[in-house]
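# Coordinates in review
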2 protein chains.
Amino acid sequence: MIAALAGGVGAARFLRGLVEVVDPASVTAVVNTADDDDFFGLRVCPDLDSVTYTLADAHDQDRGWGLAGETFATLGALARYGGPTWFGLGDRDLATHLFRTERLHAGAPLHAVTAEIARAWGLHLHLLPMTDDRVATRITVVDDTGGPPRTLAMQEWFVRERCTPAVTAVAFAGAADAAAAPGVLDALDAADTIVVCPSNPVISIGPILAVPGIRERLVARRDRVVAVSPIVGGAPVKGPADRLMAPLGIEVSSVGIARAYRDICATLVIDAVDAADADRVAAEGVRPVVTDTMMRDIGVAAALARTTIGALA
Amino acid sequence: MIAALAGGVGAARFLRGLVEVVDPASVTAVVNTADDDDFFGLRVCPDLDSVTYTLADAHDQDRGWGLAGETFATLGALARYGGPTWFGLGDRDLATHLFRTERLHAGAPLHAVTAEIARAWGLHLHLLPMTDDRVATRITVVDDTGGPPRTLAMQEWFVRERCTPAVTAVAFAGAADAAAAPGVLDALDAADTIVVCPSNPVISIGPILAVPGIRERLVARRDRVVAVSPIVGGAPVKGPADRLMAPLGIEVSSVGIARAYRDICATLVIDAVDAADADRVAAEGVRPVVTDTMMRDIGVAAALARTTIGALA
């Protein structure tokens, strides 16, 4: 049994490779929901949907989010009504948000709706939100005009403001009072291997670890936890991890990842270009495993997954 | 000042003609909302939207509903989640429903949201729902398989079952407890002319008259009320009026319309093909006005509107 902590695109690619090399039914992915937000009254869960669409081979590879062959007629028409149209809601993607929102309004918990969506897309792994409760990443940024610091929702900072404002603090509102979704803690207890996917350590893995009980499980089972570094050659493979790590005092390198994760994992997979960092990773008390982590295609992702799982075998 | 009771397509065409011949700002349209329903959690108001889109010259003329040039990507994608996809939700139309639903959830009353939508489409007439409260047409039909009678929502009977099941009764759930939307009764009091648009008398005009205070206003001001018959040559110009009138004992003719409306209007505009019915209309105590009522284009609609308003001049 394998449990994986997952954010968005990087985790989705890793999991897509993983289900090539192990029985998908043996995998439970615990996905960050602190990026979730409401647009036009619809609950949008970017990381859950990235994982779902990628595992269904339905994602848009070039754009990096949403569905391949997507259209944006509804979003264009929403502009007439003066609402915020900076968040890319595709027409087919909207069907997922409509279904999810209606089910949530009907009283279904997010983990049940997530399972329904995963089943509709033909997924065989267990896909779980980290929690059924609302947790919201809040990013405090410097105001460029000299005003007081502003606090933004994740999507506001990431999509609307294109990660431009300098970050001074990150918080996960609601996390301390959130309960891990049913199945999450059991999956962590039962797993032979727990994988921390190559996701943003601050705003993707950070919120999952902030849900009471999850970090504690990983600390207790540290020897069975292997992480994959999302930092290659001193920069994130994708996304704004560097814009978040540096201001919070995390070195933007595999070593920084090792230092951030050393309490929760005993093994860290780093990219071959960072082989020279292996000694510094080991000096943090984390065993380095060096391989190709650039998931250019499913084949590389599968090889990375095999190496990652194999590291604890 | 002109007030108009309006259903869907027929009323929309009439109103489109009306705003060609009078100042739109002098017109208040009071629109049926008993066909409104929720699909995937979104509030859909078919008659309000038909009127809005038609007045904005944005409606699909061939299909008879929705927006011209519409696409249906979201609806197609919803099929994956097993929901009911028999109701034609277009991608651009969805923007209207999303906006309306979000505003209603935020506590805005339907009449305020309706005004916002009308403004977004550049309308200059006053568009009002008959009520801010929920009223729902319930159609009791014979069960073809020999089972007990079934009760359907309007859209279920009209769209999903294509008006096929024979109707035995029609009710307007919630109407007795509904309050006319702010502005409705004032508009009826202030109007020099009240027009009953060429709409289905049972399920479009019927629910409006069932909202307390509205029928009473028309009865009291009967001499200032002029209706346009939706029946031409013994059949509805559009829609299933005959499938609803006959079972409820209303003759499917201009005479039947005169009989149904004689308490609320003193004048009825009938089509030239029904000129021979004029005496029978008059025998019901309703003054017939004979003209071309087939609104093939805006020009005919404008001429019909001029004749209708002029009938009380």
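Since this is a predicted model, take the numbers as computed values, not measurements.

### Examining the overall build of chain A
The helix and strand tally for chain A stands at 13 helices and 14 strands. Projected onto its principal axes, the C-alpha coordinates of chain A cover approximately 55 × 50 × 40 Å. Across chain A, every contact between residues at least 6 apart in sequence was considered, and the portion connecting residues at least 24 apart equals 67%.

### Focus: the relation of the copies chain A and chain B
If you rotate chain A by 180 degrees and push it 0.0 Å along the axis, it lands on chain B with an RMSD of 0.0 Å. Between the two chains, the operation in question is that of a two-fold axis. When C-alpha distances to the rotation axis are compared across chain A, the minimum falls at Asp91(A), with a value of 3.3 Å. Taken as a fraction of all interface residues of chain A, those also at the interface in chain B reach 100%, which identifies the copy contact as same-surface.

### Thoughts on the sheet that holds strand E8 (residues 167-173) of chain B
Note: strands within a sheet are paired through backbone hydrogen bonds, in either parallel or antiparallel orientation. Residues and elements named next belong to chain B. In spatial order, the strands read E7-E6-E8; together these three strands make up an open sheet with antiparallel pairing. Both outer strands of the open sheet, strand E7 (150-153) and E8, are each paired with one neighbouring strand and no more. Neighbour-to-neighbour, the strand axes of this sheet turn through a mean angle of 25 degrees, independent of strand direction. Alignment of strand E6 (residues 136-141) against E8, held across six bridges, turns out to be antiparallel. Bridge assignment links Val 141 to a residue of E8, and that residue is Val 167.

### Details of the interface of chain A and chain B
Frequently, the measure chosen for interface size is the accessible area that the parts lose on association. Facing the 20 residues of chain A at the interface are 20 residues of chain B. Looking at the side of chain A that touches chain B, the elements with two or more residues in it are helix H3 (73-78) and helix H4 (91-105) of chain A. Considered class by class, the residues forming the side of chain A that touches chain B number ten nonpolar, six polar and four charged.

### Here's the deal with the domain arrangement of chain A
Residues and elements named next belong to chain A. Taken domain by domain, chain A holds domain 1 (1-60 + 94-133 + 177-313) and domain 2 (136-176). The C-alpha-based centres of domain 1 and domain 2 are spaced at 22 Å. At the interface, 18 residues of domain 1 touch 15 residues of domain 2. Here the side of domain 1 that touches domain 2 gets five residues from one element, more than from any other, and that element is helix H8 (residues 201-210). A breakdown of the residues in the side of domain 1 that touches domain 2 according to their chemical character gives twelve nonpolar, one polar and five charged.

### Section: the packing of helix H4 (residues 91-105) of chain B against helix H5 (residues 110-120) of chain B
All names here are of chain B. Direction vectors running N to C along H4 and H5 enclose 145 degrees, while the axes themselves pass 10 Å from each other. As H4 packs across H5, the resulting crossing turns out to be right-handed. Contacts from Thr 96, Phe 99, Arg 100, Arg 103 and Leu 104 of H4 reach H5 at Leu 110, Val 113, Glu 116 and Ile 117. Counted by class, the contact of H4 with H5 contains five nonpolar, one polar and three charged residues.

### Re the nonpolar core
By size, the foremost hydrophobic cluster in this structure holds 197 residues, and its most contacted members are Leu15(A), Val30(A), Leu15(B) and Val30(B). Apart from the residues within four sequence positions on either side, Leu15(A) is in contact with Ala4(A), Ala6(A), Ala29(A), Val51(A), Leu55(A) and Cys197(A).

### Here's the deal with the environment of Thr85(B)
Residues and elements named next belong to chain B. With respect to the element layout, Thr 85 can be found in the loop between helix H3 (73-78) and H4. Between the alpha carbons of Thr 85 and Val 141 there is a distance of 22 Å; along the sequence they are 56 residues apart. Contact partners of Thr 85, with chain neighbours within four places excluded, come to Leu 75, Leu 78 and Ala 79.

### Considering the packing of helix H1 (residues 9-21) of chain B against helix H13 (residues 298-310) of chain B
Residue and element names in this part refer to chain B. Closest axis-to-axis distance for the H1/H13 pair is 7 Å, and the angle between their directions is 75 degrees. Classified by the angle between their axes, H1 and H13 sit roughly perpendicular to one another. The segment H1 lies against H13, with Arg 13, Phe 14, Arg 16, Gly 17, Leu 18, Glu 20 and Val 21 engaging Ile 298, Ala 301, Ala 302, Leu 304, Ala 305 and Arg 306. Taken together, the residues that form the contact of H1 with H13 break down as eight nonpolar, one polar and four charged.

### A closer look at the pairing of strand E2 (residues 27-31) of chain A
Residues and elements named next belong to chain A. Within E2, five of the five residues are buried, which leaves it mostly tucked inside the rest of the structure. By the alternation rule, side chains of E2 split into Val 27, Ala 29 and Val 31 and Thr 28 and Val 30, which are all buried. Direction of pairing for strand E1 (residues 2-6) relative to E2: parallel, over a ladder of five bridges. In the sheet register, Leu 5 faces E2, and the bridge partner there is Val 30. Since E1 and E2 lie parallel, the crossover through helix H1 (residues 9-21) that links them has a hand, and here it is right-handed. The pairing of E2 with strand E5 (residues 126-129) spans four bridges and is classified as parallel. Following the sheet pairing, Val 31 is matched in E5 by Pro 129.

What counts and how
Residues numbered from 1 in each chain as written. Chains lettered and ligands numbered in written order. Predicted model: local features only at pLDDT ≥ 70, side-chain atom pairs only at ≥ 80, totals over all residues. Helix = DSSP H or I, 4+ residues; strand = E, 2+ residues; numbered from the N terminus. Contact = placed C-beta atoms within 7 Å. Least-squares fit on C-alpha atoms with pLDDT ≥ 70 in both. Pairing = 2+ DSSP bridges. Axes fitted to C-alpha atoms, helices over the stretch in contact; angles between N-to-C directions. Nonpolar A, V, L, I, M, F, W, Y, C, P; charged D, E, K, R; others polar. Domains from an automatic or database assignment. Left-handed = near helix turned anticlockwise from the far one by under 90°. Core = buried A, V, L, I, M, F, W, Y, C linked by C-beta atoms within 7 Å. Buried ≥ 20, exposed ≤ 12 C-beta atoms within 10 Å, placed from the backbone. Parallel < 35°, antiparallel > 145°, perpendicular 65-115°, else oblique. Right-handed = clockwise from strand over helix to strand, strands pointing away.

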